[in-house]
Structures are given as structure tokens and as C-alpha cells.
Amino acid sequence: MIIHVVQSDDTIQSIAEYYGISVDKLIQDNGLIDPDNLVVGQSIVIVEPETIYTVKEGDTLLNIANSYNMSVIQLLANNPYLSDREYLYPGDSIVISYTRKELLTTHGNTVPTINKATLRKTLPYLTYISVLNYTATNSGEIISYYDDTEIIQISKAYGVAPLMLLTTLTIQGEANLRVDFDLLLNEDFQNRQIENILTILKSKGYLGLNLSLQYISLTNIQLYENYFIKVTNRLNSEGYQVFVTINPNINLANNEVTFQKVDYSIINRLAQNIIFTSYEWAFSINPPSPITSISQTEVFLEYVLNYIPPDKIIIGIATLGYDWELPYVAGVSNVNLISFDNVNAFAKEYDATIQFDDVSLTPYFTYTTKEFVNHVVWFIHSRTINAILDLVSKYNLKGISIWNITVFNPQLWLLVNSQYEIEKIIF
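Residues numbered from 1 in each chain as written. Predicted model: local features only at pLDDT ≥ 70, side-chain atom pairs only at ≥ 80, totals over all residues. Heavy atoms only, no water.

As recorded by an unreviewed UniProt entry, the chain carries the name Spore germination protein YaaH and is attributed to Anaerocolumna cellulosilytica.

> Quick question: what am I supposed to make of the side chain of T168 here?
Tracing the chain through its elements places T168 in the loop between β8 (161-167) and α7 (177-184). Classification of T168 as buried rests on a relative accessible area of 8%. In terms of polar contacts, T168 uses its side chain to reach the side chain of D180, at 2.5 Å. Other than its neighbours up to four places away in sequence, T168 contacts T135, A136, E174, N176, V179, D180 and Y215. (Helix = DSSP H or I, 4+ residues; strand = E, 2+ residues; numbered from the N terminus. Buried < 20%, exposed > 50% of the residue type's maximum accessible area, 1.4 Å probe, protein only. Polar contact = N/O pair within 3.5 Å; in protein donor to acceptor, adjacent residues only side chain to side chain. Contact = heavy atoms within 4.5 Å.)

> Even after reading the chapter, I still don't get the packing of aromatic side chains, so can you show me in this structure?
Here the distance between the centres and the angle between the planes together describe a pair of aromatic rings. Overall, the coordinates contain 19 aromatic pairs when judged by the stated rule. Centroid distance F346 to F365: 6.5 Å. Interplanar angle 50 degrees. Geometry classified as tilted. Within this pair, whereas F346 is found in helix α12 (residues 340-349), its partner F365 is found in strand β18 (residues 362-368), the two being separated by 19 residues in sequence. Of the two residues examined, F346 and F365, each falls in the buried class. Centroid distance F365 to Y367: 6.4 Å. Interplanar angle 40 degrees. Geometry classified as tilted. Accessibility assignment for this pair places F365 and Y367 in one class, buried. Taken together, the aromatic side chains of F259, Y264, F276, F300, Y303 and Y307 make up a single cluster linked through ring pairs. Above the ring of F259, the side-chain terminus of K261 is found at 5.6 Å from the ring centroid. Across the ring face of F356, the terminal group of R383 is positioned such that the distance to the ring centre comes to 3.7 Å. (Phe/Tyr/Trp six-rings, centres within 6.5 Å; stacked < 30°, edge-to-face > 60°. Lys NZ or Arg CZ within 6 Å of the ring centre and 35° of its normal.)

> Explain the pattern of salt bridges here, please?
One side chain can pair with another of opposite charge once the charged atoms of both are near each other. Throughout the structure, instances matching the rule amount to ten salt bridges. The closest approach of N and O atoms between K204 and D148, which form a salt bridge, is 2.6 Å. Of this pair, K204 sits in helix α8 (residues 187-204) while D148 sits in the loop between β7 (142-144) and α6 (149-157), and the two are 56 residues apart along the sequence. For K204, a relative accessible area of 23% gives the class partly exposed. (Salt bridge = Lys/Arg side-chain N within 4 Å of Asp/Glu carboxyl O.)

> Got a minute to help me understand the packing of α7 against helix α9 (residues 221-237) in this structure?
When two helices pack together, their arrangement is given by the angle between the helix axes and the distance between those axes. For the pair α7 and α9, the least separation of the axes is 10 Å and the interaxial angle reads 65 degrees. Between α7 and α9 the crossing geometry is left-handed. Residues D180, L183 and L184 of α7 pack against L223, Y224 and Y227 of α9. (Axes fitted to C-alpha atoms, helices over the stretch in contact; angles between N-to-C directions. Left-handed = near helix turned anticlockwise from the far one by under 90°.)

> What exactly am I supposed to notice about helix α11 (residues 294-304) here?
An α-helix turns once every 3.6 residues. As a result, residues three or four positions apart point the same way. Within α11, burial applies to I294, Q296, T297, F300, L301, Y303 and V304. Looking at the packing, one finds that the buried side of α11 touches β11 (251-253), β12 (256-258), β13 (274-276), β14 (313-318) and α13 (382-395).

> Teacher, can you tell me more about the sheet that holds strand β17 (residues 355-357) here?
Sheet architecture is open: five strands sit in the order β16-β15-β19-β18-β17, paired in antiparallel fashion. The sheet terminates laterally at β16 (335-339) and β17, the two strands that pair on one side only. Neighbour-to-neighbour, the strand axes of the sheet open up by a mean angle of 30 degrees, direction not taken into account. Sheet analysis places strand β15 (residues 320-326) next to β16, joined by five bridges and oriented antiparallel. Note that in β16 the partner of Y322 across the bridge is L337. (Pairing = 2+ DSSP bridges.)

> Honestly, unusual backbone geometry in this entry has me stumped. Any pointers?
Leave glycine aside and you will find that most residues have negative phi; peptide bonds, for their part, are mostly trans. The omega torsion of the bond from L326 to P327 falls at -5 degrees, within 30 degrees of zero and hence cis. Inspection of the secondary structure assignment puts P327 in the loop between β15 and β16. Residue N404 is reached from W403 by a cis peptide bond, and omega for that bond is -15 degrees. Its location among the elements puts N404 in the loop between β20 (399-403) and α14 (410-419). The phi torsion at N255 lies on the positive side, around 65 degrees, for a residue other than glycine. In this fold, N255 is placed in the loop between β11 and β12.

See the structure below:
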């Protein structure tokens with residue numbers, strides 16, 4: 001696997017020729033929307049399959065899969081463009097296999113309004129999917145926003161285990177600290193919530209719960225532990241897995257990496273897996289900075305591995321970026337989300353050059369509007385994603401979690417699928 005960084009004199013044709021790959025394959029693998037207008041600093045992923053099959057007249061995905069003793073879902077993961085096609089055509093090149101490393105658990109967060117075509121295109125790459133559709137109240141009741149029945153059914157059909165994601169955040173990402181502590185301090189509310197969780201799990205067909213804990217600190221860890229013990233004991237007795245998603249609140253202050261240094265031992269003992277991530281849209285008020293930092297994440301991992309074995313840790317990857325208005329003034333300056341499929345076009349529109357921060361291992365660029373307002377955009381691309389995957393391998397972590405999967409990211413899944421065998425726990 002090679003990641004090529006676009007230079008000023010590069011064209012899609014020259015890159016393809018240099019690496020001995022077809023232009024069409026390069027465009028298809030990377031999801032390039034405007035391949036004739038590459039941006040300096042843009043990243044291009046080049047992978048070499050282990051086995052390729054050329055489609056013949058009368059072939060179907062099923063008979064190709066059977067002939068190679070593999071599933072149709074595996075074929076779709078190796079060839080995501082097939083999810084957009086109704087038919088195979090003679091002469092089509094089908095990737096049968098890549099030379100892969102170890103097994104990887106993958107988890108994706110989504111909302112019930114996800115486009116179903118995007119969902120089906122993404123599911124071949126997932127082990128678990130969490131649906132953000134439930135907000136906990138301080139009285140133990142649970143607010144549901146949409147009918148998620150279809151997502152659950154489709155996920156199971158693709159061998160992906162659906163998890164009910166419960167958080168005190170609203171579906172728009174708005175936080176409510178008071179709800180958390182009202183719930184933590186009242187056992188009656190907790191008991192009511194647990195019974196409501198079980199009702200939803202059973203009626204909807206979820207296979208487990210993903211409990212989001214946003215505000216763990218030294219002062220409240222005991223409360224969270226007591227609450228988590230009650231939840232897991234009750235749900236485990238009914239045959240349900242319990243995951244926990246924790247926002248580690250990693251920051252940099254005075255050149256020192258800071259986070260809540262709590263003892264995760266009890267949560268580790270009870271949780272099926274622990275996902276460390278943040279819901280990016282809930283924290284868009286942060287000043288301009290990298291979306292993530294590989295160096296800071298590694299410092300956090302060195303700490304948390306004292307309490308949690310690596311084979312239970314799932315680490316988050318945010319696929320969104322932010323566009324900050326400069327000079328930044330908290331509460332005044334505009335801050336906008338920007339998605340993977342728009343960021344390169346946005347840079348091209350403003351004739352920006354994509355830079356790369358060698359500490360956080362994340363890309364960024366600056367631009368000025370016609371009204372002479374300066375902006376900076378920080379985002380994540382293939383070099384960042386691959387650095388996170390390197391951390392997974394270095395520390396033998398369980399896997400990765402994607403926030404969020406509502407936009408299909410071809411480079412992300414190409415990097416994952418070409419280097420790892422994706423775990424499937426239901427068939």
C-alpha cells in the first residue's frame with residue numbers, strides 16, 4: 001500500500017502511469033469526484049490486490065464468490081463500486097483478495113436518516129453498528145427520534161451486529177450535563193431506565209447496548225461505576241452485550257497532553273469492549289486545531305493500557321473536518337463542518353494548497369473569501385487514517401470506530417480492507 005501526496009506538476013494520468021495502475025482504477029479506489037483537478041497536498045491511495053478475476057458472460061456475484069470459497073459480502077467489501085451496480089459486465093475486473101495483516105474489529109456510528117444506499121455500501125466493512133437514536137432523560141425515560149427497524153434488519157443481513165446507542169446527547173449533538181448527574185444519583189431512575197432499555201432491545205432486535213459516557217472524571221468515576229455495574233449485570237443476565245463509549249477529552253495545555261486520569265478497571269471488567277472517541281459535532285466550539293492528534297492519542301493509550309487490555313480497546317476515527325473563521329473568537333466566529341467528499345473540492349475552489357502537520361499527522365489549509373475573511377480548515381485524510389491504523393497494530397488494539405458513516409469514505413475503507421481482515425460475529 002502506498003499513499004501518494006499530489007505535487008504541483010502531478011496529473012491523474014501521470015500518477016497512474018508512475019505506479020503502473022489504470023486511471024479508472026485510481027479514480028474508482030479513491031472516490032475522486034474531479035480527477036482532472038487535483039489539489040496540491042491531496043492524498044491518493046494505491047493498493048495492489050493479491051488476486052483479480054475478470055468477469056465472463058453469465059457470471060454472478062454468487063457464483064464468483066462460491067468459486068473462491070468466499071461470501072458475497074467479502075466481494076462487495078473488495079469492490080465497493082459493485083454496490084452501485086445492478087449488473088456485472090464481461091471484462092469487469094473483480095478484486096478477490098488482498099494480502100492482509102491481522103483481524104480487525106470495526107464499529108460505525110450512524111443516525112437513522114442515513115441514506116440506505118450508503119448504508120449498504122458501508123456495511124461490508126463493519127463488525128458492529130451503533131444507531132444514534134436514543135436520548136436518556138434524568139427520570140429514566142428514553143426519547144426515540146426515528147424508526148430504526150429497517151437499519152437493524154439490513155445490518156443483520158450484512159452480518160453486522162446492531163447496537164442501541166444510548167447517550168444524554170440529543171440527536172443534534174447537544175449536551176446536557178445535568179441529566180447525567182440526576183440519573184447517576186437516583187437508583188429509581190436507573191432501574192426505570194434499565195427496564196426501558198430492555199424493552200427497546202427486545203422489541204427492535206438489537207444485539208446489545210452501546211452506552212455513551214461523556215463526562216467521566218476523578219470526582220464522579222465511582223458514580224459511573226455503580227451505575228454501569230447495575231446496567232451490565234441486568235443486561236448480561238438477559239443475554240445482551242454492553243459496550244461503552246468514552247470521550248477521553250484529550251487536550252494540549254502548555255505543551256502537555258491532558259486528559260482525565262481515572263482508573264478504568266471496573267468498567268474494563270464489565271464492558272464487552274471500550275470505545276474511546278468523541279462525537280465531533282458536539283464539540284465544534286473548540287478553537288482552530290487538528291481534528292485529532294496521533295501523538296496525543298499515543299500518550300493517552302500509554303496511560304489507559306495500564307487499566308484495560310489492548311484487545312478490548314476500540315479507538316475512534318472522525319471523518320469530518322472543521323472550517324474556522326479567523327481570527328477566531330469563541331461564540332462569535334463561524335465554525336462549519338466539512339465532509340470528506342467536499343474538502344478537496346473546497347480547497348480547489350479557493351486555490352489552496354493542503355499542508356500537513358507532522359506532529360498531529362493531520363492535514364489543513366487556509367483560504368480567504370472574496371470578502372477578505374480568512375479561514376483555516378483542519379480535517380483527516382488517508383495519511384491520518386493510516387497512522388491510526390498503525391497505532392492499532394503497534395499496540396494490538398481491538399479495532400477502530402468511525403464517527404460517522406453517513407458519508408461513504410472510499411479511502412478509509414480501502415485502507416482498512418486492503419490491510420486487515422474485518423471481523424464478522426454474525427453470519
